[in-house]
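Here are the chains, one letter per residue:
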Amino acid sequence: LPADRAELLVDWESRKEGGQLYISKPPNCCQGVGIKILSDLTGIKPKASVVVSRYIANPYLIDGAKFDLRIYVVVTGFLPLRIY
């Protein structure tokens, strides 16, 4: 946000009957600083620069911990396509 606010509003309108939660994160913070769980979009200021996504209540866990995959590739050619 703020560039994608209209798209977020459309998504929220289509899911609000199901009680969908959203998570809001500042773009340059880490370790949980500034993270908010939102049940509606009034908690986001109109000009705020934040990352917003749908909250997943029961995420897939490995040994009881959340995780993310960071995959890096090198594209060495397009014809033929070579990715390492």
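Above this text is the structure in question.
Residues numbered from 1 in each chain as written. Predicted model: local features only at pLDDT ≥ 70, side-chain atom pairs only at ≥ 80, totals over all residues. Heavy atoms only, no water.

> Would you mind showing me how to read the pairing of strand β1 (residues 22–25) here?
For a regular strand, side-chain orientation follows a simple rule: the groups alternate between the two sheet faces. Of the pairings in the sheet, the one linking β1 to strand β2 (residues 36–38) comprises 3 bridges and is antiparallel in character. Looking at β2, one finds that Tyr22 is bridged to Leu38. As paired strands, β1 and strand β3 (residues 51–54) are joined by 4 bridges and run antiparallel to one another. Its bridge partner being in β3, Ile23 is matched across the sheet by Ser53. (Pairing = 2+ DSSP bridges. Helix = DSSP H or I, 4+ residues; strand = E, 2+ residues; numbered from the N terminus.)

> Could you clarify how one ought to interpret the nonpolar core in this entry?
Generally speaking, soluble globular proteins have nonpolar side chains that are buried together. Judged by nonpolar contacts, Leu8, Trp12, Tyr22, Leu38, Leu41, Ile44, Ala48 and Val50 together constitute the single largest core of 8 residues. Other than its neighbours up to four places away in sequence, Trp12 contacts Tyr22, Ser39, Asp40 and Leu41. (Core = buried A, V, L, I, M, F, W, Y, C linked by side-chain atoms within 4.5 Å. Buried < 20%, exposed > 50% of the residue type's maximum accessible area, 1.4 Å probe, protein only. Contact = heavy atoms within 4.5 Å.)

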